[in-house]
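# Structural description and commentary
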Amino acid sequence: MGTALVYDEEMTKYKLLWVDPACKIEVPERLTVSYEALVKNGLCQRCVSIPAREATEAEILLVHSEEYLEGVKKTPYMTLEDLKEFTLQYGDVYFHPNIYHCAKLAVGSALQLCDSVMTGKVRNGMALVRPPGHHSMRSAASGFCVFNNVAIAARYAKQKYGVKRVLIVDWDVHHGQGVQYCFEDDPSVLYFSWHRYEHQKFWPNLRESDYDNVGKEDGAGFNINVPWNKVGMKNSDYLSVFFHLLLPVAYEFCPELVLVCAGFDSAIGDPEGEMCASPDIFAHLTHLLMNLAGGKLCAVLEGGYNLTSLPQSVCQTVQTLLGDPPTRLSDLGAPCESALESLQCVRSAHRQYWSCLRQAAGLPDSHVSAKRIRSAGGEGERTEVGEEEKSAEEQAWPEPPQRVSPPVRCALVLPGGEAPPDGCEQISSREELHPLMLTKLREHFQSELDNCSALASLPSLMTLVEKMEKNEIRNGLAVVHSVTMAMMCVLQHVGDAPSSRTLVVCVGGGSVGSHAREDGKTLTVQISSEDTEKPTGKFYVPVHLKKGCGDASGFMQALLGLLLPLGYQYNPDLVLLVQMPNAGVCGGVWQQLVGVLQGFAQGHVLVLMQEGEQARVGPTASTLLGDPAPPLEHPLQAPLPEDVEAVETLRSRLQSDWSLLQNTGESTA
Ligand SMILES: CC(O)(O)NCCCCN
Ligand SMILES: [Zn+2]
């Protein structure tokens with residue numbers, strides 16, 4: 001299934017007709033440069049083009065009041081003076097004779113996108129619209145927004161398709177208060193927003209945008225606000241919030257549809273956000289959401305005012321929706337202190353609502369107020385004297401790297417005679433194993449080697465690895481006689497390259513061999529029910545789950561809160577995913593793992609399975625081919641206290657080496 005693109009140039013045909021410094025950044029070129037970039041990069045042509053349409057009045061009334069709609073309906077006939085007068089009643093927004101038409105098209109575009117995804121015409125998609133929507137309220141325009149495109153889409157999906165749970169992720173740098181007000185008492189819509197806040201000093205300066213606004217009545221827990229109290233947030237700040245807050249809660253919520261308020265003013269260079277995240281971060285944010293809701297994801301444009309980073313960010317998002325491998329993010333450092341404090345505040349505010357946050361450390365009140373007093377200008381934090389801070393527009397950043405898809409997406413090595421699933425290539429080579437390799441194997445596997453079939457698939461496996469290294473193949477799956485022998489072969493081969501880094505994920509117990517050396521060429525994370533005696537080193541992380549890999553919530557907690565941060569910070573060239581014999585991992589979680597791991601190493605994931613696991617070849621291959629993993633069962637049970645304890649113990653032991661594991665401020669570390 002494909003990716004939809006909804007765009008109509010009619011939505012470029014309104015603009016600011018008078019002087020208003022707050023609104024001058026919201027220009028028609030935002031849409032044209034974004035669309036042209038999609039065309040230039042050959043992405044538009046790969047999408048399924050879906051026409052925009054005007055929303056009906058009934059659809060607009062799903063969120064807005066009649067009196068508000070009646071007022072907006074009059075604007076096409078207003079004189080310039082009337083338009084100015086009408087605009088004065090709202091904040092940081094402007095009207096134009098054609099904006100009502102464009103606002104109906106913006107809502108209609110979001111609904112067309114919704115229809116295409118919900119009817120299965122496409123898997124996911126993006127709507128490039130203006131005016132944006134997330135600030136507009138039931139009876140008020142605000143922040144360049146006239147109708148709340150995404151809020152209407154959520155109500156529409158529930159009404160027309162009976163969707164029971166909708167997740168709205170708002171990565172725009174402003175708080176979508178309009179969305180919050182719409183759903184704050186509604187447990188069927190989980191609204192997540194991060195936003196520049198600076199302790200209420202940043203627009204829209206609302207007390208209710210802070211982290212303690214968790215929703216009301218039945219909706220308590222279903223509104224998540226992450227305030228950024230400083231500018232300059234970077235990729236690791238954004239990813240930390242995904243790993244330690246949004247993703248665990250999103251998996252527990254188990255949405256049937258994901259809507260994204262895709263504002264790109266949270267990217268570097270934007271005059272509104274003044275953040276420092278690179279445009280390709282959106283490739284990863286999109287990827288990390290794509291295995292939720294069976295892949296049903298609708299991204300609707302909100303803000304984004306730098307005409308260079310906006311189109312780059314739009315292309316990064318659409319390219320991931322199309323299934324292209326994300327870029328590799330380098331130098332991911334520790335999240336900054338301010339981000340950690342916000343993250344900890346939000347997690348503790350929500351710990352009573354979400355079992356995945358049960359271990360969230362509470363924040364001693366004294367800590368917050370003391371810190372707040374200090375940053376509010378007590379002794380203050382000395383700012384660097386010297387070079388003037390660069391303005392957002394003066395920021396420079398590298399063009400996102402090309403994201404090439406290898407000619408073959410997935411190749412398999414299967415025991416003799418088996419046919420590969422549709423879409424996969426099969427590799428079988430008759431070459432002999434390299435003598436040095438044989439010697440090495442003899443040292444470790446004397447007994448198995450007597451059985452000649454033990455070596456059968458290894459030459460083909462080495463061919464597969466070589467083709468991945470040459471980027472002829474993106475990912476692969478090998479069914480072998482002995483996974484530990486195969487693992488040693490692969491690591492021996494790739495280990496010869498000088499600066500290779502392989503992330504080894506072992507699912508299930510058993511010895512992972514001596515390769516788990518501390519030279520940094522491999523980082524091994526083993527998830528099993530065994531309380532292994534092997535000591536935890538920086539490059540060997542045994543995760544012990546009491547109920548083993550069959551426990552979905554324990555496994556997901558380890559995947560999202562430990563494996564993802566470790567993997568992103570390690571930034572491997574290859575991911576080796578090994579299903580150990582008798583791992584007992586449940587199918588749904590296994591496919592989530594296979595799906596999520598493709599965000600690393602430009603998608604170079606090699607899966608090893610032992611003969612006898614043939615049943616899992618099909619589902620694994622489909623996920624390697626880019627099909628979204630099926631949703632986990634809802635509700636996800638609470639993780640066992642012992643497993644929570646085990647993960648937290650690992651975190652506290654490893655976070656000095658792997659700072660992306662941090663999720664609390666330094667005062668309580
Ligand atoms: C859509 C949006 O969130 O980017 N609008 C921002 C309005 C800023 C007004 N000062
Ligand atoms: Zn914004």
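Scoring rules and cut-offs
- Residues numbered from 1 in each chain as written.
- Chains lettered and ligands numbered in written order.
- Predicted model: local features only at pLDDT ≥ 70, side-chain atom pairs only at ≥ 80, totals over all residues.
- Heavy atoms only, no water.
- Helix = DSSP H or I, 4+ residues; strand = E, 2+ residues; numbered from the N terminus.
- Rg over C-alpha atoms; globule rule 2.2 N^0.38 Å.
- Contact = heavy atoms within 4.5 Å.
- Areas by Shrake-Rupley, 256 points an atom, 1.4 Å probe, with all protein chains shown as cover.
- Lys, Arg positive; Asp, Glu negative; His and termini not counted.
- Charge placed at Lys NZ, Arg CZ, Asp CG, Glu CD.
- Pairing = 2+ DSSP bridges.
- Axes fitted to C-alpha atoms, helices over the stretch in contact; angles between N-to-C directions.
- Buried < 20%, exposed > 50% of the residue type's maximum accessible area, 1.4 Å probe, protein only.
- Polar contact = N/O pair within 3.5 Å; in protein donor to acceptor, adjacent residues only side chain to side chain.
- Core = buried A, V, L, I, M, F, W, Y, C linked by side-chain atoms within 4.5 Å.
- Domains from an automatic or database assignment.
- Right-handed = clockwise from strand over helix to strand, strands pointing away.
- Donors = N, O, S within 2.8 Å, 3.2 Å for Na, K, Ca; no water.
- Tetrahedral: all angles 85-135°; square planar, octahedral: opposite > 155°, others 65-115°.
- Near = heavy atom within 4 Å.
- Nonpolar A, V, L, I, M, F, W, Y, C, P; charged D, E, K, R; others polar.
- pLDDT = per-residue confidence, 0-100.
- Expected span 1.5 Å × (residues − 1).
- Bend = angle between axes of the 7 residues up to and from the residue.

## Observations concerning the overall build of the chain
Each helix and strand in the chain was counted, giving 21 helices and 16 strands. Taken against the 2.2 N^0.38 rule, which gives 26 Å for 669 residues, the C-alpha radius of gyration of the chain at 26 Å falls within 12% of a compact globule. Along the first, second and third principal axes, the C-alpha set of the chain runs to 90 × 55 × 50 Å. A separation threshold of at least 6 residues defines the contact pool for the chain, and within that pool the share at least 24 residues apart is 78%. For the chain, the accessible area works out to roughly 24300 Å², and carbon and sulfur atoms hold 51% of it. Here the chain contributes 54 positively and 81 negatively charged side chains, and the mean placements of these two sets differ by 1 Å.

## Things to note about the sheet that holds strand β2 (residues 48–50)
The strand order β2-β1-β3-β8-β7-β4-β5-β6 describes an open sheet built from eight strands, whose pairing is parallel. Only two strands of the sheet have a single neighbouring strand rather than two, namely β2 and β6 (223–228). Neighbour-to-neighbour, the strand axes of this sheet turn through a mean angle of 15°, independent of strand direction. Inspection of the sheet shows strand β1 (residues 2–6) paired to strand β3 (residues 122–127) by five bridges, in the parallel sense. Note on β3: the bridge partner recorded for valine 6 is alanine 127. Each of β4 (166–170), β5 (189–196) and β6 touches helix α8 (residues 235–253); the most contacted strand, β5, lies at about 170° to it. Set on the sheet, helix α10 (residues 309–321) makes contact with β1, β3 and β8 (297–301); between it and β3 the angle comes to about 170°.

## Focus: the environment of tryptophan 397
Tracing the backbone shows tryptophan 397 in the loop between α12 (365–375) and β9 (408–413). We classify tryptophan 397 as buried; its relative accessible area is 18%. Along the primary structure tryptophan 397 and serine 278 are separated by 119 residues, whereas in three dimensions their C-alpha atoms are 7.4 Å apart. Filtering out sequence-adjacent residues up to four positions away, tryptophan 397 remains in contact with Ile268, Gly269, Pro279, Asn306, Thr308, Ser309 and Gln312. In this structure the side chain of tryptophan 397 is engaged in a polar contact, spanning 2.7 Å, whose partner is the side chain of glutamine 312.

## Points about the nonpolar core
Within the largest apolar cluster, 191 residues are counted, with the highest numbers of intra-cluster contacts made by Phe147 and Ile168. Considering each element in turn, this core owes the most residues, 13 residues, to helix α5 (residues 99–118). Structurally, this core is a two-domain feature, drawing no fewer than three residues from each of domain 1 (2–378) and domain 2 (408–661). Other than its neighbours up to four places away in sequence, isoleucine 168 contacts Val150, Ala154, Val179, Phe183, Val189, Leu190, Tyr191, Phe192, Leu259 and Cys261. Residues Leu461, Met468, Cys506 and Val578 belong to the second largest nonpolar core, which totals 39 residues.

## Re the pairing of strand β13 (residues 522–528)
Of all seven residues that make up β13, seven are buried, and the element is covered over most of its length. Along β13, one buried face is formed by Thr522, Thr524, Gln526 and Ser528 and the opposite face, lined by Leu523, Val525 and Ile527, is buried too. One ladder, built from six bridges, connects strand β12 (residues 502–507) with β13; its direction is parallel. When the sheet's bridge partners are listed, valine 504 is paired in β13 with threonine 524.

## Re the pairing of strand β16 (residues 605–610)
In summary, the side chains of a regular strand alternate between the two faces of the sheet. Where burial is concerned, most of β16 is hidden: five out of the six residues are buried. Inspection of the sheet shows strand β11 (residues 473–480) paired to β16 by five bridges, in the parallel sense. Looking at the pairing, valine 480 lines up with glutamine 610 of β16. Sheet topology note: the strand β15 (residues 574–579)/β16 ladder contains four bridges and is parallel. Each bridged residue has a counterpart across the sheet, and for leucine 577 the counterpart in β16 is valine 607. This β-α-β element, β15 to helix α19 (residues 587–596) to β16, shows right-handed connectivity.

## Quick look at the coordination of the zinc ion (ligand 2)
Four donors placed tetrahedrally around a metal ideally meet at 109.5 degrees, and six donors placed octahedrally ideally meet at 90 or 180 degrees. Taken together, the protein donors to the zinc ion (ligand 2) comprise Asp172 (OD), Asp172 (OD), His174 (ND1) and Asp265 (OD), at separations of 2.0 to 2.6 Å. For the zinc ion (ligand 2), the six donor atoms in the first shell make angles of 54 to 155° at the metal, a pattern classed as irregular. Since its relative accessible area comes to 1%, aspartate 172 is described here as buried. With relative accessibility at 5%, the residue histidine 174 sits in the buried group.

## Side note on the environment of tyrosine 100
Counting through the fold element by element, tyrosine 100 comes out in helix α5. The sequence separation of tyrosine 100 and proline 639 amounts to 539 residues, and the corresponding C-alpha distance is 49 Å. Tyrosine 100 has contacts with Glu57, Leu69, Val72, Lys73, Thr75, Pro76 and Phe147, leaving out every residue within four places of it along the chain.

## A look at the site of ligand 1
As a structural note, the neighbourhood of ligand 1 is formed by 13 residues, with Asp92, His134, His135, Asp265 and Tyr305 the closest of them. Here an oxygen atom of ligand 1 sits 2.7 Å away from a polar atom, N or O, in the side chain of histidine 135. At 3.1 Å, a backbone N or O of glycine 143 approaches a nitrogen atom of ligand 1. For ligand 1, the protein covers 97% of the area, taking 330 Å² as the surface of the free molecule. For the shell around ligand 1, the residue count by class is four nonpolar, five polar and four charged.

## Quick word on the confidence of the model for the chain
Of the residues in the chain, 95% have a pLDDT of 70 or more, and the chain-wide mean is 93. Confidence over residues 366–387 falls short of pLDDT 50; this stretch has 17 contacts with residues more than four positions distant or in other chains. Across the interface, the model reports ipTM at 1.00; the global pTM reads 0.96.

## Regarding helix α11 (residues 337–350)
A rise of 1.5 Å per residue sets the reference length of α11, with its 14 residues, at 20 Å; its end C-alpha atoms lie 20 Å apart and thus fit the reference within 8%. Most of α11 is tucked away: 13 of the 14 residues are buried.

## Things to note about the sheet that holds strand β14 (residues 540–544)
With respect to topology, eight strands assemble into an open sheet ordered β10-β9-β11-β16-β15-β12-β13-β14, the strand pairing being parallel. Two strands lie at the open edges of the sheet, namely β10 (425–426) and β14, each paired on one side alone. The strands touched by helix α16 (residues 458–469) within the sheet are β9, β11, β15 and β16, with β11 carrying the most contacts at an inclination of about 165°.

## Some thoughts on α8
Along its 19 residues, α8 runs 25 Å from first to last C-alpha, staying within 8% of the 27 Å computed at 1.5 Å per residue. For α8, the principal kink sits at phenylalanine 242 and spans about 45°. The positive-phi residue at the C-terminal boundary of α8 is cysteine 254, with phi of around 55°.

## A short note on the environment of leucine 624
Relative to the helices and strands, leucine 624 resides in helix α20 (residues 617–624). The buried category is assigned to leucine 624, whose relative accessible area is 0%. Through-space distance from the C-alpha of leucine 624 to that of arginine 409 is 7.8 Å; in sequence the pair is 215 residues apart. Setting aside residues up to four positions removed in sequence, leucine 624 forms contacts with Arg409, Cys410, Asn475, Gly476, Leu477, Val594, Gln598, Val605 and Val607.

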